[in-house]
Amino acid sequence: MRQLSAACARADALFLREAVAAEVEDRLREVNRRFTAPAIVTPFPAPWRTILPGACTVPDEAVLALEPGAHDLVVHDLCLHWAEDPVGQIVQCARALRPDGLFLGTAFGGRTLAELRGALAEAEAEATGGLSPRVLPMADLRDWGDLLGRAGLALPVADAQTLSVSYPDALALMRDLRRMGEGNALAGRLRRFTRRAVIAGAAARYPVEPDGRVLARFEVVTLTAWAPAPGQPRPLRPGSAAKRLAEALENARQGVSAPGQPHGELP
C-alpha cells in the first residue's frame, strides 16, 4: 500500500523527512562509531546522499532487498507505520546486520495528526452519519519498543519527539500531506471523492492558534537496537540492583557519595 501514496509525493514537500533524517544523523554522531557498510530502507533516498554517501538504499517493500549479515548499520526511514507487517520488516533488517550492528528505525507514532483525525471524524459523522477509514492506524511508543525485542534485537530503546508544523489553515495541511506522499492509502478507504461538506467541516473544526494559523503535530518515534554479539552489555535482571533508585537519587540530591566514588557523581 505504501507505493500508492509515495507516487504522489513531490520533492519540495519532503521537509519533514529531511528533518527526521537530520535527527538520525545527529544520533549516529553520538554513537561514535564509523559505519563502513550502511543500508537504508527508504522510498525517498535523496536526503540520505549527503548523510550516508555510498550507502545501499532499498525500497520499503514487503520483502527487503537486503543481504543477510552484510551491514553494520540499517536505517529504516520513516515508513514502518506503512508496513502491513512491521515486525517482519524489523526482522529482515536484523538479519541483514552483522553481529553488534546497529538498527535505527523511525516511524510516526499514535499521537500524529490527532487534531486532524478528530476534526475529520466529527465532520464526516455530521455530514454522512458514519465514518470511513481515513488515517492509517499508528502504534503507541510502548508498542513500537516491544517490536524490537520480538525481532530478536538487543538493548532496545524507543523514544519519541513531536515536530510541529505551522500552516495557514487546515486545507493547506491536507494538501501538503498528499504532496508528502502521506495521503490515505488504506485498502478500505472510500473509492470516491470526499464530500465537500466533510472537508469544509473538518477545516472549520480544526483548532486555530492565536496567530490565526493551525499547527500539525507529528509524533516521530525513533527505535534503536543492536544485533546480538558476544561480550555485548546486557541489562541487569529485575531485582538485582544493589541499591534502590529512590535511595540513589536522594543521596545524589544531598551530595552523598557511594563508597569508593568521587563526591557528587551518581553511582
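Residues numbered from 1 in each chain as written. Predicted model: local features only at pLDDT ≥ 70, side-chain atom pairs only at ≥ 80, totals over all residues. Heavy atoms only, no water.

### Some points on the overall build of the protein chain
Here's step 1: Across its full length, the protein chain holds eight helices and six strands.
Here's step 2: Written out in order from the N terminus, the α and β elements of the protein chain read α-α-β-β-β-α-β-α-α-β-α-α-β-α.
Here's step 3: A total of 267 residues make up the protein chain; the buried ones form 44% of that total.
Here's step 4: Only carbon and sulfur atoms are counted for the fraction: they give 54% of the accessible area of the protein chain, which is about 14700 Å². (Helix = DSSP H or I, 4+ residues; strand = E, 2+ residues; numbered from the N terminus. Buried < 20%, exposed > 50% of the residue type's maximum accessible area, 1.4 Å probe, protein only. Areas by Shrake-Rupley, 256 points an atom, 1.4 Å probe, with all protein chains shown as cover.)

### Considerations on the sheet that holds strand β4 (residues 97–108)
Here's step 1: Judged by pairing direction, the sheet is mixed, and its six strands sit side by side in the order β2-β1-β3-β4-β6-β5 without closing on themselves. Each of the sheet's edge strands pairs with one partner strand only, and the pair in question is β2 (56–58) and β5 (154–167). The average angle at which neighbouring strand axes cross in this sheet is 15 degrees, direction not considered.
Here's step 2: The sheet contact formed by strand β3 (residues 71–76) and β4 spans five bridges and is parallel. Pairing of H71 across the sheet is with L97, part of β4.
Here's step 3: Relative to the sheet, helix α6 (residues 170–180) contacts β5 and β6 (214–226), its axis offset from that of β5 by approximately 135 degrees. (Pairing = 2+ DSSP bridges. Axes fitted to C-alpha atoms, helices over the stretch in contact; angles between N-to-C directions. Contact = heavy atoms within 4.5 Å.)

### A look at the environment of A94
Here's step 1: As for its position among the elements, A94 is in helix α3 (residues 86–96).
Here's step 2: Sequence separation between A94 and L148 is 54 residues, and the spatial gap between their C-alpha atoms is 9.3 Å.
Here's step 3: Aside from chain neighbours lying at most four places away, what touches A94 is A151 and L153.

### Section: unusual backbone geometry
Here's step 1: Look at L78: it is not a glycine, yet its phi comes out positive at around 50 degrees.
Here's step 2: With respect to the helices and strands, the residue L78 is situated in the loop between β3 and α3.
Here's step 3: In this structure, D100 takes a positive phi of about 65 degrees despite not being glycine.

### Comments concerning the packing of aromatic side chains
Here's step 1: By the definition in use, this model includes one aromatic pair.
Here's step 2: Between the aromatic rings of F108 and F218, the centroid separation amounts to 5.6 Å while the plane-to-plane angle is 40 degrees, which identifies the pairing as tilted. Here F108 is found in strand β4, whereas its partner F218 is found in strand β6, with 110 residues between them in sequence.
Here's step 3: Taking the relative accessible area as the measure of exposure, F218 reaches 2% and is therefore buried. (Phe/Tyr/Trp six-rings, centres within 6.5 Å; stacked < 30°, edge-to-face > 60°.)

### Quick notes on the pairing of β3
Here's step 1: A large share of β3 lies buried, amounting to six of its six residues.
Here's step 2: Across four bridges, strand β1 (residues 38–41) lies against β3 in parallel orientation. The partner of P38 across the bridge, within β3, is L73.
Here's step 3: Assessed by its sense of winding, the connection that carries the chain from β3 through α3 to β4 is right-handed. (Right-handed = clockwise from strand over helix to strand, strands pointing away.)

### Remarks on the confidence of the model for the protein chain
Here's step 1: Looking at the protein chain, the pLDDT average stands at 80 and 73% of residues meet or exceed 70.
Here's step 2: Overall, residues 1–11 carries pLDDT values under 50, and its contacts beyond four positions in sequence, including any with other chains, amount to 30 contacts.
Here's step 3: Segment residues 257–267: pLDDT under 50, and eleven contacts once partners within four positions in sequence are set aside and those in other chains are kept. (pLDDT = per-residue confidence, 0-100.)

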